[in-house]
Amino acid sequence: MDPQKPPPPPPPEGCLTVAVRVPVRIVALVLVLPVRMAWDALAAAGRFLHRAVLRPLGRILLLLAHALLVLPCAALWRRVLVPAGKALAWLGRVLVAVPLGWLYTYLLTPLGHALAGLARGTGAGLAWLYARVLAPAGRGAARLLRCIGLLLAAAGAGVYAAVSWLARYLLVVPARWLYAEVLAPAGRALAWLVGAVATALGAALYRTARVLLVLPALVLWRRLLAPAGRALAVVAREIGDALGHAWRVAGRVSRAVGRILATLFRWILVEPLRWVYRTVLTPAGHLVRDLVLRPAAEAARGVGRSVRQALATARDTVRQARADLRRALFGEPPRPASVGRREPRGRATRTLDSSTTALTKD
């Protein structure tokens, strides 16, 4: 489409559209506005409930499930099931696998070898019997049966030729003449007669159905159903447009009402509480912190340091008394003999006074 060319004007609307649009939109706005405001209120309540209740409750339930289910199951798996499985595996290996291996090695394997040798001997005997006795007898019987079969085949071929000649000249030739000279012309005549009757009957039924059904239905569709359908389509389209327009207008009204209520809530409750928090509670909290909590914390820390020093002194005293008692009862413990180090000592750390280069060595 050419960008310079203006868009085509919308098609003109009929009087029915103009007459239906305004009342329908007013009625739709009156009906949709409470529904939209209730929907917005429920959506806001749902978002607040999700943020303030459901999400913290879900986290708490997740922590409880982890503490009450995951940790006990993990402890049960690590402390009970895994050791029990290892014990059962050891018992199965000792009580089942080792005896079965011994049974297979020292009993079943020799028995199997003996049975295999017996089977090989039996197979050799059967092979000799087949090669020396059964095979020659079978070949002789096969030759005898082949000769008998050839004689029977020759007799059957002669009988079949005689029967086929008699059937051809006594049945097939008369039946072919009867079909070609009598039945085929009679069938064609009967088919032509049935087709003519069916054609005439179909034409009569078609004209009757056209006059009695098709033409009245066509007149009813053109004169009544099509105009009524177009009118109903216009009304339905206008109702749909009116509902969409009313929903959008109700959304704007609902948002405006929500902003007004939020502003009133902030002015009536939030701002006074914020002023009380900033003007009264914060200075009072700072005063309590500076005059009560900090001195109490310093005193508690001093008492804690004193108690720790006293406990450390008591531990050192008890340790020294225990060492003195041990020396008094058992004497001085022998000191370990010093052992010469075999590994070479590492070089000392380089300083400004020492150097490893040939130019700066003394």
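All of these numbers come straight from a predicted model, not from anything done at the bench.

1. Some points on the overall build of the protein chain
Looking only at helices and strands, the protein chain has 1 helix and 0 strands in total. In the protein chain, which comprises 362 residues, the share counted as buried stands at 4%. Across the protein chain, every contact between residues at least 6 apart in sequence was considered, and the portion connecting residues at least 24 apart equals 73%. Total accessible area on the protein chain is roughly 31500 Å²; 72% of this is exposed by carbon and sulfur atoms.

2. Observations concerning the pattern of salt bridges
Here the structure, examined in full by the defined rule, presents 6 salt bridges. Between Asp40 and Arg36 there is a salt bridge; the shortest N-O distance is 3.3 Å. Taken together, the residues span about one helical turn, with Asp40 and Arg36 both in helix H1 (residues 15–330) at a distance of 4 residues. A salt bridge links Asp290 to Arg294, with the nearest nitrogen and oxygen atoms 3.4 Å apart. Within this pair, Asp290 and its partner Arg294 are both found in helix H1, separated by 4 residues, close to a single helical turn. For Asp290, a relative accessible area of 37% gives the class partly exposed. With a relative accessible area of 47%, Arg294 lands in the partly exposed category.

3. A few points about the environment of Gly244
Note that Gly244 resides in helix H1. C-alpha separation for the pair Gly244 and Arg25, spaced 219 residues apart in sequence, amounts to 9.3 Å.

4. Some words on the side chain of Ser254
Secondary-structure assignment places Ser254 in helix H1. A relative accessible area of 9% means that Ser254 is categorised as buried. Polar side-chain contacts of Ser254 include one of 2.5 Å to the side chain of Asp40. Excluding residues within four positions of it along the chain, Ser254 makes contact with Arg36, Met37 and Asp40.

5. Thoughts on a nonpolar patch on the surface
On the surface, Ile260, Leu261, Leu264, Phe265, Trp267, Ile268, Leu269 and Leu273 cluster together into a nonpolar patch covering about 870 Å² of accessible area. Within the element layout of this structure, Ile260 appears in helix H1. Residue Ile260 is classed as exposed on the basis of its relative accessible area, which comes to 52%.

What counts as what
- Residues numbered from 1 in each chain as written.
- Predicted model: local features only at pLDDT ≥ 70, side-chain atom pairs only at ≥ 80, totals over all residues.
- Heavy atoms only, no water.
- Helix = DSSP H or I, 4+ residues; strand = E, 2+ residues; numbered from the N terminus.
- Buried < 20%, exposed > 50% of the residue type's maximum accessible area, 1.4 Å probe, protein only.
- Contact = heavy atoms within 4.5 Å.
- Areas by Shrake-Rupley, 256 points an atom, 1.4 Å probe, with all protein chains shown as cover.
- Salt bridge = Lys/Arg side-chain N within 4 Å of Asp/Glu carboxyl O.
- Polar contact = N/O pair within 3.5 Å; in protein donor to acceptor, adjacent residues only side chain to side chain.
- Patch = residues over 30% accessible without salt bridge, like charges linked within 9 Å, V, L, I, M, F, W, Y side chains within 5 Å.

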